[in-house]
Amino acid sequence: MIRLVFPDLSRYHCNPHKNGGLKRLIVWCILVTVFVYGLQTILISKSSANVSDQSATDPTVRPRILLDSPAPGRERDAFPEDRCKVLSDTCSEPLYPYRILVGTGDNPPQICWNLQEIPLKTARPGKVTVLELSVEDGSVISEKSSPADSTKSISTILAQLMSTRNDSYIVMVTWNAVPFSPTLSNHLKSVGTLINPKFLGQGIQFYLLGQKGLLPGRGVSDVQLATASPPLDQSGCVPALATSLGNDIDHDFASSNPGYLTLGSYKVGSFLKDCGLPKPCGGELLSVHVYTGRDHNDPPKLCVNGTYVFENKINSGGRGLNIAVINGPTGEVAKVANFDTWGVDSTMLELFLEDLQPDEIAVIFTHDEASTKLSELSRTILFDLGSSRIHDLKFRASWYMVGQRGIRGFSGFEKLNIGEKTNWAEVVDERFCLPRRLTGYLSRPDPLPETRNVPRLEFCQKHIGYGDFCGPESKLAPLAPAKLADVTLVNSPIYSDLTVVLVMAPPSRNALRMLLETLLGQPGVNPRQVMVSLRKTNDSETERLIKLFNFHILSGRIELDYRTHLVHSITDVFETLHPRYIVVIEENTVLSPDFLHYLATQEPLFEVDSTINAIGAWNDNGYVGVSSDLTRVHRVDGFPHQGFLTTRSFWEANTKNGDYSCCLTESWEGWFPKQKIISVVPDVSRIARISPPAGNGGVVREMFHRPREFSRQSELKIENNFPAAKDKFDAYMASTVSKAAKFHPKTVDLCPSSLNFVETSPKELSVALMMDKEEFNERSMNLIAKCFGLFAADGARPRGVYNESISLTKNKRLVVLVGPNSPLYTPAA
């Protein structure tokens, strides 16, 4: 590059009173000006000739592209060397130099492209700037800057990435700290980036040079903490486009729909007055026509207020889910979108739905096949928007709904048709008047209110003895499963086909009805998972009752006694359905609102701790006064009963070849007595017994005739403060006992002295009662358990023992009864 240095004329003192007067000064100034102008012309001509000669003889030298070329007759501003330093111009054709520098402090990001700076118009501190550059001339096709601190803002970034052309360059650059989220990380992979997950959740600086659909790691990118220095600065030769490499492209992503089209950018189809309704809707209502198509060759259609926004060759409606978002206050269609949930995962759909505003109404309908890659999270979001049938969507089903964020209950606009086997379902072809604000139904509505839940109505008209289940306000109400609000558990095996929920039907049909109602009310329950085992043959009334809940009946052998029937039912489930887990719910019980949620939060223990054989929902020591902490769990010896979760591998390993010697007693008397069994149970039970078992023995009286605590919370998580995995639990208990207030009671004054010590100890401390070897034996352990109101039946071992100690919660304080052989035992000082 040639720099022209103009001479300093100040030394000529252009002053009319010096150097011979005014005439001499004018002559000198003219001569100097002519000389400088002539010299500049000669040098520029010589330089241009040299470049032309070299370009003509050397094909590797590429003419430099000028971005934003000035209009004819107008000079371009000088290129600032301090912003884009001189880059190597030896890049071989068709490559050329580039530079990307992240923004820090008050200094914005800088992008050099073929030796020219690209002016960034939208860059702001704390945002990610995304540019799409043309491969032909490097011109800016689009530029947008967005924060990355919310689902909505990330969806904006991803929508821009999806809308880029397959043959364009994508440049991304940050200015100051940008939060790095898993969602952003996963989707940056689709444009060639592979970022170390150690940065997740932190503020970062980051740049990318990539392309839509480029496989992870094939782009040029780097990331570091926002506080790191020096800032990221990358330069080199622009890499070749991956489209020429073929297998470097994720073709599903590259050919996917660009996300959505907004008002003014989507096409308008044909006009049909009132969308074909026989008469106008009137008032503020909008006319709507939804048509899903008979098969993949019959295009989907959607008419809103007389205009089709989806029909043949209009707005890319097609396979998967088609969506029109209506602005409620104006009644205009704000945007339309198609998401191919057969061929592409539904992450973009999730982000699109999460971006809906409370005053927007979404009309959503299927075409061809939409269920294959529709994630559980997508289904949960659609459920939250008011769908009551989305979890029933099957292969090639036809379905539509109208939903709205914040709706209370279910939408009144929904229909689902399911086909036979792999055939397309009957087409949905609906015309209706749509309000601009939806009113939710607390129970699942059917299209015609007078026909809601006719099977329940007919059942209640024919049978008596079901109490409020068949009351005037209830007998027409739908029986719909409760939705799972805790989206962190949507992928838990407890809510999938990996788990079967086995219900042991009691002799009383009304007791069974109460149990099934509490089961259907479990957030996230899937009726497909539930099997109800009957002990009676040809009991049509009970079978009809079960089918009202859409649960299944476990057919097979009919046993004479309950214990044998329970054991064989568990085996039949494992042998016929082969689930990974089974949830067993015994007869004459009802469930707390968080029964399944509690099991789902504890299920991962099976993966991290091989010593755990089952997770119980019933605490043998869960009586009133010694059971109050809803967030605490205990490790205990012995197999649980009433309600529990266990694995197929454990059951099959211990009942080989029909050997049921493990279970010769009733379940509450203790199964697997000859084995070392470890279970996890809650401090407060998640299942309650509504009637005791037959008999009046000491164990039955002690276990089932005393008042017990029972959780009435919904989706309450067990805190990590009380870990149940062996190493962490043992360490936690050792630490707790070491810091606890300690007491060594004597048998002479056992109960009063122990209770008095607990009551008078500092409230902020746990209490450990150390039972000295010379003072205590198994009978004495029963005495101390009875003293504190725990299970203490004559002739039976105490319950809830682990490592020769028992834990209880008294007045929300942890009390540990420590036996002399326990590793927690501390001798008296």
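Before any of the text, the structure's been laid out above.
About the cut-offs
Residues numbered from 1 in each chain as written. Predicted model: local features only at pLDDT ≥ 70, side-chain atom pairs only at ≥ 80, totals over all residues. Heavy atoms only, no water. Helix = DSSP H or I, 4+ residues; strand = E, 2+ residues; numbered from the N terminus. Contact = heavy atoms within 4.5 Å. Axes fitted to C-alpha atoms, helices over the stretch in contact; angles between N-to-C directions. Parallel < 35°, antiparallel > 145°, perpendicular 65-115°, else oblique. Left-handed = near helix turned anticlockwise from the far one by under 90°. Salt bridge = Lys/Arg side-chain N within 4 Å of Asp/Glu carboxyl O. Buried < 20%, exposed > 50% of the residue type's maximum accessible area, 1.4 Å probe, protein only. Pairing = 2+ DSSP bridges.

Colleague: Lay out the environment of F606 with the relevant residues and their values.
Modeller: Counting through the fold element by element, F606 comes out in helix α12 (residues 605-608). Taking the C-alpha atoms as reference, F606 lies 8.4 Å from T647; in sequence the two are 41 residues apart. Non-local contacts of F606, meaning those with residues more than four positions away in its chain, are made with Y581, I612, N613, A614, I615, L645, T646 and T647.

Colleague: Tell me about the packing of helix α5 (residues 347-354) against helix α6 (residues 376-384), and please be specific about residues and values.
Modeller: Here α5 crosses α6 at 25 degrees, and the two axes come no closer than 9 Å. Classified by the angle between their axes, α5 and α6 sit roughly parallel to one another. α6 is crossed by α5, and the crossing has left-handed handedness. Contacts from L349, E350, L353 and E354 in α5 reach L377, S378, I381 and L382 in α6.

Colleague: Give me the pattern of salt bridges: which residues, what numbers.
Modeller: What the rule picks out here adds up to 21 salt bridges. In this structure, D539 engages R509 in a salt bridge whose closest nitrogen and oxygen atoms are separated by 3.2 Å. With a gap of 30 residues between them, D539 in the loop between β22 (530-533) and α9 (540-548) and R509 in helix α8 (residues 509-520) connect regions that are remote in the sequence. What makes D539 buried here is its relative accessible area of 9%. Here the residues in one salt-bridge network are D468, R513 and E517, joined through shared partners.

Colleague: Now, about the sheet that holds strand β1 (residues 97-101): what can you tell me, with residues and values included?
Modeller: Within the open sheet, the four strands sit side by side as β3-β2-β1-β10. Their pairing is antiparallel. Two strands bound the open sheet, and with one partner strand each, they are β3 (116-117) and β10 (233-237). Where β1 meets strand β2 (residues 110-113), four bridges bridge the pair, whose relative direction is antiparallel. From the neighbouring strand, Y98 faces β2, where its bridge partner is W113.

Colleague: Please provide a residue-by-residue account of unusual backbone geometry, values included.
Modeller: The amide bond that connects S229 to the next residue, P230, takes the cis arrangement and shows omega of 0 degrees. If you check the backbone angles, Q642 has positive phi at about 70 degrees while not being a glycine. The residue Q642 is located in the loop between β27 (633-637) and β28 (643-647) in this model. Taking relative accessible area as the criterion, Q642 reaches 0% and is therefore assigned buried. Despite not being glycine, E804 shows a phi value in the positive range, around 60 degrees. When you line up the elements, E804 lands in the loop between β33 (801-802) and β34 (805-810).

Colleague: Quick rundown of the pairing of strand β13 (residues 301-304)? Include the residues and the values.
Modeller: Pairing of strand β12 (residues 286-291) with β13, which is carried by four bridges, proceeds in the antiparallel orientation. Looking at the pairing, Y291 lines up with K301 of β13. Alignment of β13 against strand β14 (residues 307-310), held across three bridges, turns out to be antiparallel. In the sheet register, L302 faces β14, and the bridge partner there is F310.

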